[in-house]
Structures are given as structure tokens and as C-alpha cells.
Amino acid sequence: MDQSIIVELAEWLGSPAGQYVQAWEQRQVDAMVANVFGYHAVQIGLPEWDLLQSNRVPYKAYTHVLQDAALAARPMALLADPENLPFESQSLDLLVLPHVLECSSNPHQILREAERVLMPEGRVVISGFNPWSLWGARERVPGLEPLMPVATHLQVSLPRLKDWFKLLAFEVDRGRFGCYAPPCQTDKWLKRWSFMEAAGDRWWPVCGAVYVVSAVKRVAAMRLVGPAWKRKKKRVRREAVVTSRHSDC
């Protein structure tokens, strides 16, 4: 994990643009995790931001990915490497990863770990920046100050993420783009562009600055088949019964 990007991301979330993104993502994740049942739910990264608040599982855990972070904001937060999660295989029912993939040089390994620790039919919820948004386009213009804390070449697009899901037997069941306001750094201008939310959802949904997606881990069902000799024995008995009936005629 890139520690500098994580620090910059945490600080950026306190800015007007960061608060705008955070509020939208909170609403989406709340809706996606509210009816997820089970016993264990874990949020990876940004433990000071509670994305499990709407979930009702009995055990919730929050992990920090910074080695030297002050955990005072959430004293019960664990220190964990998303690429090597300290959980047993098939032990979690819900996993939430807010902007974790784009802070790693090996995001696919993080997804492999998510698949490993989730129970069959377990759910993963991921948020990330959209590199093809207006905000992403601003990052490509020379001379303009970057607005997002993560460079566009590190961001994982939703189509790319969906391809990874297919490789790991995840099935996407919900997903949304959001934050359609132009890249502004003040709360005043972000509010002035608030009408863009409804327009963006209708006319250019794939151009939102961020996305949240939910996927379920699917496991192929097994069919128990009895020993071959039992099937053969039953077939022989049926043939014997048919033969006896013909002889009686």
C-alpha cells in the first residue's frame, strides 16, 4: 500500500470536495449494507469513517492500513494489510473497501483476499474514483492543480473492476455513479452545481466522479451422487420386475 496516498486521501476527505464525495458515498453504502445479514462485517481502511453504521450484524471490525497512524478516532481499529488480510478463509459475511484498490500497486491481490475471507454468498462493497469523469479529465490538463488525492492512472475504472469480479466468481448486484458537479474546491460552488446530480443520473451516468459497487461471492452448487453400484442394483431390480410381469402374461 502507498502510505502517502492514504494520508493524502484521509486529509482530502475533510475538504469541501471530500465532504461532498463522502456524503454521497455514505448514502449509497448505507443502502447497500442495510439488509446484509450474518455475523461478521469488516471495513478495510479509513476507520474514522463509519460505513457499517446501517448494518445490523452483531460483530463489526474496522481496520487501519497505516502503520504509524494514530487510532484515537476509533480505538478498536486493527492494523491490517489489505493485500494479506488477517482473517481466516470464509469467515466474513460483509467486507467494505472505501477507496482501497486505488491506494495499492496490486489491487487485484486485494480482491483475491476479499474472495478468500468472504463466506459463500458473502458481499463486498467497494468505492472508488472514476477516471473517466469530469474530475478525471481535469487531472489530464497540464497546468491545472489536481483536485483528487489519487492520480488517474492509479484509479480502477468500473469496467475493469467488473472484469476482475468475473474472474473471481463475484456477481455484481448493485452499483451507482455519483457526484456529477464540476471539479470545484469550495462548498459554495459545489452547492450551486447541485442540480447536476439529477441531470447526471439521467443523461451521463458513467461520468460521475465516484462509484460504489456491490458484489456477491458465488460458489457453484455441488450435487451429491450415490455410488454407481446402488444405481445399477436398482436398475437390475426394475428390469427383473418388468421381466416377471411379461412372464405372467
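What counts as what
- Starting from 1, residues in each chain are numbered consecutively following that chain's sequence as written.
- In view of the model being predicted, local features appear only for residues whose pLDDT reaches at least 70, and side-chain atom pairs are presented and counted only at 80 or more, with totals across whole chains, interfaces and linings using the full set of residues.
- Computation of side-chain values: all heavy atoms of the structure, hydrogens and water removed.
- Burial status follows relative accessibility: with a 1.4 Å probe on protein chains alone, a residue under 20% of its type maximum counts as buried, one over 50% as exposed, and anything between as partly exposed.
- Secondary structure follows DSSP: runs of H or I at least 4 residues long count as helices, runs of E at least 2 residues long count as strands, and numbering of each begins at the N terminus.
- Pairing between strands requires that DSSP locate at least two bridges from one strand to the other.
- Whether two residues touch is decided by their heavy atoms; if any such pair falls within 4.5 Å, the residues are in contact.
- Axis lines are fitted to C-alpha atoms, over the contacting stretch for helices. Their N-to-C directions set the angle, which ranges from 0 to 180 degrees.
- Nonpolar cores were defined as sets of buried Ala, Val, Leu, Ile, Met, Phe, Trp, Tyr and Cys residues, with membership established by side-chain atoms within 4.5 Å.
- Any pair of Phe, Tyr and Trp rings, taking the six-membered ring for Trp, is counted once the centres come within 6.5 Å. Such a pair is stacked with planes under 30 degrees apart, edge-to-face with planes over 60 apart, and tilted for the rest.
- By definition, pLDDT measures how confident the predictor is in each residue, and it falls between 0 and 100.
- Salt bridges are counted wherever a side-chain nitrogen of Lys or Arg sits within 4 Å of a carboxyl oxygen of Asp or Glu.

(A) Geometry of the pairing of strand β1 (residues 40–44). Taken across its five residues, β1 has four buried, putting it largely inside the fold. Bridging between β1 and strand β2 (residues 59–64) involves five bridges; their strand directions are parallel. Following the sheet pairing, Q43 is matched in β2 by Y62.

(B) Just the sheet that holds strand β7 (residues 210–217), in detail. Strand order across the open sheet formed by seven strands is β3-β2-β1-β4-β5-β7-β6, with mixed pairing between neighbours. Each edge of the open sheet is held by one strand with a lone partner, namely β3 (78–79) and β6 (170–178). As paired strands, β6 and β7 are joined by eight bridges and run antiparallel to one another. Bridging from a neighbouring strand, G178 pairs with V210 of β7. On top of the sheet, helix α3 (residues 107–117) reaches β4 (92–98), β5 (118–129), β6 and β7; it is set at about 150 degrees to β5, its chief contact.

(C) Quick peek at the nonpolar core. In terms of nonpolar packing, the biggest core is built from 67 residues, with I44, L95, V124, I126, W135, L161 and F165 touching the most fellow members. With seven residues, the single largest contributor to this core is helix α2 (residues 16–33). Apart from residues lying up to four places away in sequence, F165 is in contact with L111, V124, I126, F170, V172, V213 and A215.

(D) Representation of unusual backbone geometry in the model. Even without glycine at this site, L46 takes up a positive phi of about 50 degrees. Inspection of the secondary structure assignment puts L46 in the loop between β1 and β2. With a relative accessible area of 6%, L46 lands in the buried category. In this model, H99 sits at a positive phi of 55 degrees, which is unusual for a non-glycine residue. With respect to the helices and strands, H99 occurs in the loop between β4 and α3.

(E) Representation of the pairing of β2 within the structure. Sheet analysis places β2 next to β3, joined by two bridges and oriented parallel. From the neighbouring strand, H64 faces β3, where its bridge partner is L79.

(F) Just the packing of aromatic side chains, in detail. In this structure the tally under the stated criterion is five aromatic pairs. Ring plane angle 75 degrees and centroid distance 5.6 Å describe the contact between W12 and F129, whose orientation is recorded as edge-to-face. Linking W12 in helix α1 (residues 3–12) with F129 in strand β5, this pair joins segments that are 117 residues apart in sequence. Residues W12 and F129 agree in their burial class; the two are buried. Both rings, one in Y20 and one in W135, keep their centres 6.2 Å apart while their planes meet at 40 degrees; by these two values the pair is tilted.

(G) Quick look at the confidence of the model for the protein. For the protein, per-residue confidence averages 84 on the pLDDT scale, and residues scoring 70 or more make up 82% of the total. Within the protein, the element-level pLDDT minimum falls on helix α8 (residues 228–248), averaging 52, and the maximum on β4, averaging 98.

(H) The pattern of salt bridges, seen in detail. Summed over all chains, the structure comprises six salt bridges. For R123, the salt bridge identified is with D173, shortest N-O distance 2.3 Å. Remark: D173 occurs in strand β6 and R123 occurs in strand β5; sequence separation between them is 50 residues. The network of salt bridges with common partners includes E121, E171 and R218.

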